[in-house]
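# Reading the structure
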Amino acid sequence: MKNEMEIIFDAVSDNESFARVAVAAFIAHLNPTVEEMADIKTAVSEAVTNSIIHGYENLGGYRKGCVPEHPSEADLACPEAARRKMNPGKVRVRCLLEGGVLHIEVADTGKGIENVEQAMEPLFTTKPELERSGMGFAFMEAFMDDLEVESTPGAGTIVRMQKKMGVGDWISCGPSR
Amino acid sequence: MEQITTEDFQVIDNCLMIQLPEEIDHHSAGYICESADRYLVRNDVCNVVFDFGRTRFMDSSGIGVIMGRYRKISCFGGKVYAIHADKQIQRIFKVSGLNKIVEVLES
């Protein structure tokens, strides 16, 4: 059985919970365990958050550190408005279920990652002022079976993750255990 | 999703108790950090207790919240505690190595 879904949404922090709940709903019919569900939600949340705050630098949800890197005169005159200014980027989440394996692809057309290897190191962060942990990719690796990151600076990033669902053979009516 | 309010922050003796929201992600973390820091500055707070009783979801943003608070109070000998943390939250502590700096109290 093959099943696919795709959602595209604005890169704002309000949509982080939407994205992970949508993916959770997509796999709900597989009767995943509580752990599987939590793992997948966490991994999706990490990938989508990365796209929003690093890919598009939309830091609005965080309420601080939101001033653009090169502020214009208008921005300096009214920092409050500049802080609220959003990059109108989109995040695309694609899910594919095939043979009991869940494939998730989170793509953005943001600024991309210069050094993917470095970005994937635990605790490494380019935005220490945001008090984030630098654990995003580490969590995706820990909670999913496979992680692949493809990024072109200036063009965007695609994160691909895979996870074998434990109840796969129950769904495909395989031998009962 | 319910929003975290000022009632969720309480100072008891020298402890700041923080009742965390149902979901801790990047979106909700900002408010928690900001409010917690206001209490840390204003009051004579030594330790911070994070109450996960309501929390059903946390990602690495939650780790950032705890690490940030820990950094602010540890230089004065303060400690960070977690209570009512379910299996999933404790797993996240373990994966991130946070269980080395947070004391998880069984209740």
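It should be noted that the structure appears before, not after, this text.
What counts, and at which threshold
- Residues numbered from 1 in each chain as written.
- Chains lettered and ligands numbered in written order.
- Predicted model: local features only at pLDDT ≥ 70, side-chain atom pairs only at ≥ 80, totals over all residues.
- Heavy atoms only, no water.
- Helix = DSSP H or I, 4+ residues; strand = E, 2+ residues; numbered from the N terminus.
- Rg over C-alpha atoms; globule rule 2.2 N^0.38 Å.
- Contact = heavy atoms within 4.5 Å.
- Areas by Shrake-Rupley, 256 points an atom, 1.4 Å probe, with all protein chains shown as cover.
- Lys, Arg positive; Asp, Glu negative; His and termini not counted.
- Charge placed at Lys NZ, Arg CZ, Asp CG, Glu CD.
- Buried < 20%, exposed > 50% of the residue type's maximum accessible area, 1.4 Å probe, protein only.
- Axes fitted to C-alpha atoms, helices over the stretch in contact; angles between N-to-C directions.
- Parallel < 35°, antiparallel > 145°, perpendicular 65-115°, else oblique.
- Left-handed = near helix turned anticlockwise from the far one by under 90°.
- Nonpolar A, V, L, I, M, F, W, Y, C, P; charged D, E, K, R; others polar.
- Pairing = 2+ DSSP bridges.
- Buried area = accessible area lost by both parts, 1.4 Å probe.
- Salt bridge = Lys/Arg side-chain N within 4 Å of Asp/Glu carboxyl O.
- Polar contact = N/O pair within 3.5 Å; in protein donor to acceptor, adjacent residues only side chain to side chain.
- Arc of directions from axis to C-beta.
- Phe/Tyr/Trp six-rings, centres within 6.5 Å; stacked < 30°, edge-to-face > 60°.
- Disulfide = S-S within 2.5 Å.

## Thoughts on the overall build of chain B
- Assigned secondary structure in chain B consists of three helices and seven strands.
- Starting at the N terminus and ending at the C terminus, chain B contains elements arranged as β-β-β-α-β-β-α-β-α-β.
- Taking 2.2 N^0.38 as the reference for a compact globule, 107 residues should give roughly 13 Å; the C-alpha atoms of chain B span a radius of gyration of 12 Å, in line with that estimate.
- A fraction of 68% describes how many contacts in chain B between residues 6 or more apart in sequence connect residues 24 or more apart.
- Split by element, the accessible area of chain B, about 5,100 Å² in all, is 49% carbon and sulfur.
- Side chains of chain B give 12 positive and 15 negative charges; the mean places of these two sets differ by 7 Å.

## Details of unusual backbone geometry
All names here are of chain A.
- Phi is positive for L123, close to 75 degrees, though the residue is something other than glycine.
- Mapped onto the elements of the fold, L123 is located in the loop between α5 (116-119) and α6 (136-143).
- The residue E131 is not glycine, and still its phi comes out positive at about 55 degrees.
- Turning to its location among the elements, E131 is positioned in the loop between α5 and α6.
- For E131, a relative accessible area of 13% puts it in the buried group.

## A look at the packing of helix α2 (residues 34-55) of chain A against helix α3 (residues 87-96) of chain B
- Viewed as axis vectors pointing N to C, α2 of chain A and α3 of chain B meet at an angle of 50 degrees, and their least axial separation amounts to 11 Å. Between α2 of chain A and α3 of chain B, the interaxial angle falls into the category oblique. Crossing of α2 of chain A against α3 of chain B: the hand is right-handed. Of the residues in α3 of chain B, those touching α2 of chain A at E35, A38, D39 and T42 of chain A are K87, Q88, R91 and I92 of chain B.
- When the residues that make up the contact of α2 of chain A with α3 of chain B are grouped by side-chain class, the tally is two nonpolar, two polar and four charged.

## With respect to the sheet that holds strand β1 (residues 2-10) of chain A
Residue and element names in this part refer to chain A.
- Strand order in the open sheet formed by five strands is β1-β2-β3-β5-β4, with antiparallel pairing between adjacent strands. The open sheet has two edge strands, β1 and β4 (146-152), and neither has a second partner. Within the sheet, the average angular offset between the axes of one strand and its neighbour, ignoring direction, is 10 degrees.
- Bridge count for β4 against strand β5 (residues 156-164) is seven bridges, and the pairing is antiparallel. Its bridge partner lying in β5, E150 is registered against I158.
- Of the strands in this sheet, β1, β2 (90-98) and β3 (101-108) are in contact with helix α1 (residues 15-27), which crosses β1 at around 170 degrees.

## Section: the interface of chain B and chain A
- The partner chain A presents 27 residues to the 28 residues of chain B that form the contact.
- Carbon and sulfur atoms supply 53% of the area buried between chain B and chain A, which totals about 2,300 Å² over both sides.
- When the buried area of chain B at its contact with chain A is split by residue, H26, H27 and S60 of chain B rank highest and sum to 27% of it.
- Counting across the chain B and chain A interface gives five salt bridges.
- For R20 of chain A, the salt bridge goes to D25 of chain B, with nearest N and O atoms at 3.0 Å.
- Inspection of the chain B/chain A interface yields eleven residue pairs in polar contact (both at pLDDT 80 or more).
- Taken together, the residues of the side of chain B that touches chain A sort by class into ten nonpolar, nine polar and nine charged.

## Let's talk about α3 of chain B
- Taken residue by residue, α3 of chain B has Q88, I89, I92, F93 and S96 of chain B as its buried positions. For α3 of chain B, the buried positions fall inside an angular range of 150 degrees around the axis, keeping them on one side. With respect to the buried face of α3 of chain B, the exposed residues turned more than 90 degrees away are K87 and K94 of chain B.
- Lining the buried residues of α3 of chain B we find α2 and α6 of chain A together with β5 (57-58), α2 (60-74), β6 (80-83) and β7 (102-105) of chain B.

## Here's the deal with the packing of aromatic side chains
Residue and element names in this part refer to chain A.
- All told, the structure shown has four aromatic pairs over all chains when counted by the stated rule.
- Taken together, a centroid distance of 5.9 Å and an interplanar angle of 90 degrees make the contact between F9 and F18 edge-to-face.
- Look at F9 and you get buried, because its relative accessible area is 5%.
- Ring geometry for F139 against F143: centres 5.5 Å apart, planes inclined by 75 degrees, an arrangement best described as edge-to-face.

## Let's talk about the state of the cysteines
- Under the criterion given, the structure shown has zero disulfides over all chains.
- C15 of chain B takes part in no disulfide bond, and the closest cysteine sulfur to it belongs to C46 of chain B, at a distance of 7.4 Å.

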